Amino acid sequence: MKRVYNFSAGPSMLPEAVLRKAADEMLDYQGSGQSVMEMSHRSKVYDAIIKEAEALLREVMEIPDNYKVLFLQGGASSQFAMVPLNLMNGSGKADYVLTGQWATKAQKEAARYGEVNVVASSKDKTFTYIPKLDPATFTKDADYFHICMNNTIYGTKYHTLPETGNVPLVADISSCILSEPIDVSKFGLLYAGAQKNMGPAGLTVVIIREDLVGHARDITPTMFNYQTHVDNGSMFNTPPCYAIYIAKLVLEWIKSEFGGLDKMKEYNEKKAKILYDFLDGSKLFKGTVVPEDRSLMNVPFVTGDSDLDAAFVKAAEAAGFVNLKGHRTVGGMRASIYNAMPIEGVEKLVEFMKEFEANHQ
Ligand SMILES: *Cc1c(COP(=O)(O)O)cnc(C)c1O
């Protein structure tokens with residue numbers, strides 16, 4: 001068996017220990033005589049899995065008691081509609097900051113339901129920075145304020161949060177969940193597709209402050225109403241059982257390997273620094289994001305020559321570093337270095353880049 005270093009933006013690498021544990025338990029989950037994939041979601045044995053997954057997420061993310069945790073489906077993309085349907089219920093207004101493709105998709109979807117104010121955008125420079133925000137430009141009576149915390153495609157991240165006062169801050173944290181501590185109490189709602197840093201595709205996690213539940217507009221489909229899922233412990237219908245189980249294993253791995261998110265962050269910083277330091281010193285490769293807004297998770301870079309970029313991606317793949325091609329809207333390369341990417345993977349990638357550079361002067 002040979003495993004590659006997988007730099008995919010999502011679905012992405014999972015910790016090898018998690019995959020091994022899942023393999024061990026595949027045919028007979030803890031003496032139940034069944035795979036987790038086969039068992040009733042209403043069974044006692046599965047109930048323990050989903051409860052433990054929630055308890056671990058609460059523990060690892062230090063989620064306050066006045067927040068609900070929901071395990072849903074439909075991806076982060078469904079949240080683009082679910083958020084306005086449930087939250088745009090007072091003034092009917094919401095503020096959005098455009099920091100990339102996902103933030104823009106979220107804004108466009110919300111605009112179908114109410115009055116959306118684009119507070120700022122970094123589109124002028126292909127989303128290579130996080131715009132400076134002036135609270136004086138925020139809508140005072142907005143129902144919420146939406147950001148995309150880590151911009152998976154462009155490799156930027158908010159290092160300070162907007163000061164929204166009493167307006168609930170809503171964040172898409174799909175590509176940075178569990179990468180570092182987040183002060184949940186600063187947010188009204190957080191959401192994430194699991195397939196970047198938490199588990200397999202099919203699971204979407206929503207963390208919502210209790211008082212924001214229960215105000216969906218009448219036209220909201222039952223499945224799109226947060227109240228439905230709060231009332232039913234994420235079991236109104238069949239949840240993504242296996243994805244939740246893998247997320248539980250990932251959370252156990254974070255706890256046993258790192259102890260918690262402070263150490264996870266230290267590890268991710270050390271890992272990202274290896275790559276950024278190399279890019280900053282390289283004559284061939286160049287990072288595309290302004291240093292102060294760089295992401296710890298997604299690192300886009302270019303040579304400035306698209307043929308050379310393509311040659312690099314091809315050579316890297318042959319050497320066992322896969323999925324380094326940049327997003328189709330950006331070009332160049334992107335190394336996604338989520339929690340499961342070991343430091344060794346980044347060290348080896350940098351060695352390979354050095355060699356490539358030496359051979360292409
Ligand atoms: C991947 C991604 C999405 C889209 O997620 P789906 O689960 O495919 O809907 C949205 N936002 C961010 C930040 C992402 O990284």
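Residues numbered from 1 in each chain as written. Predicted model: local features only at pLDDT ≥ 70, side-chain atom pairs only at ≥ 80, totals over all residues. Heavy atoms only, no water.

**Remarks on the site of the ligand**
Consideration 1: Of all residues adjacent to the ligand, which total 13 residues, the nearest are Ser77, Thr152, Asp172, Gln195 and Lys196.
Consideration 2: One of the backbone nitrogen or oxygen atoms of Ala76 is found 3.2 Å away from an oxygen atom of the ligand.
Consideration 3: Contact between the ligand and Lys196: an oxygen atom at 2.5 Å from a side-chain N or O atom of the residue.
Consideration 4: Element by element, the count of residues in the shell around the ligand is highest for helix 3 (residues 75-87), at 4 residues.
Consideration 5: Taken together, the residues of the shell around the ligand break down into 4 nonpolar, 7 polar and 2 charged. (Near = heavy atom within 4 Å. Polar contact = N/O pair within 3.5 Å; in protein donor to acceptor, adjacent residues only side chain to side chain. Helix = DSSP H or I, 4+ residues; strand = E, 2+ residues; numbered from the N terminus. Nonpolar A, V, L, I, M, F, W, Y, C, P; charged D, E, K, R; others polar.)

**As for the packing of helix 7 (residues 261-281) against helix 9 (residues 343-359)**
Consideration 1: Where helix 7 meets helix 9, the closest approach of the two axes is 9 Å, and the angle between their N-to-C directions is 5 degrees. On the basis of their axis angle, the class for helix 7 and helix 9 is roughly parallel. Where helix 7 abuts helix 9, its residues Tyr267, Lys270, Lys271, Ile274, Leu275, Phe278 and Leu279 lie against Ile343, Val346, Glu347, Leu349, Val350, Met353, Lys354 and Glu357.
Consideration 2: Partitioning the contact of helix 7 with helix 9 into residue classes produces 10 nonpolar, no polar and 5 charged. (Axes fitted to C-alpha atoms, helices over the stretch in contact; angles between N-to-C directions. Parallel < 35°, antiparallel > 145°, perpendicular 65-115°, else oblique. Contact = heavy atoms within 4.5 Å.)

**So, unusual backbone geometry**
Consideration 1: Cis peptide bonds are those with omega within 30 degrees of zero, and the linkage from Gly10 to Pro11 qualifies with -10 degrees.
Consideration 2: With respect to the helices and strands, the residue Pro11 is situated in the loop between strand 1 (5-6) and helix 1 (16-24).
Consideration 3: Here Thr126, not a glycine, exhibits a phi torsion of approximately 50 degrees, which is positive.
Consideration 4: As for its position among the elements, Thr126 is in the loop between strand 4 (115-121) and strand 5 (144-148).
Consideration 5: Overall, the relative accessible area of 46% leaves Thr126 in the partly exposed class.
Consideration 6: Of note in the backbone geometry, Phe127 takes a positive phi value of approximately 60 degrees without being a glycine.
Consideration 7: For Phe127, the location among the structural elements is in the loop between strand 4 and strand 5.
Consideration 8: Judged by relative accessible area, Phe127 falls into the buried class, the value being 7%. (Buried < 20%, exposed > 50% of the residue type's maximum accessible area, 1.4 Å probe, protein only.)

**Description of the domain arrangement of the protein chain**
Consideration 1: Domain parsing of the protein chain yields domain 1 (17-257) and domain 2 (260-358).
Consideration 2: The interface is formed by 24 residues belonging to domain 1 together with 25 residues belonging to domain 2.
Consideration 3: Carbon and sulfur atoms make up 55% of the surface buried where domain 1 meets domain 2, a total of about 2,100 Å² over both sides.
Consideration 4: Applying the counting rule to domain 1 against domain 2 returns 1 salt bridge.
Consideration 5: Salt-bridge contacts for Lys265 lead to Glu180; the nearest nitrogen and oxygen are separated by 3.8 Å.
Consideration 6: Counting the contacts that link domain 1 with domain 2 gives 11 residue pairs in polar contact (both at pLDDT 80 or more).
Consideration 7: Residue composition of the side of domain 1 that touches domain 2, grouped by class: 11 nonpolar, 10 polar and 3 charged. (Domains from an automatic or database assignment. Buried area = accessible area lost by both parts, 1.4 Å probe. Salt bridge = Lys/Arg side-chain N within 4 Å of Asp/Glu carboxyl O.)

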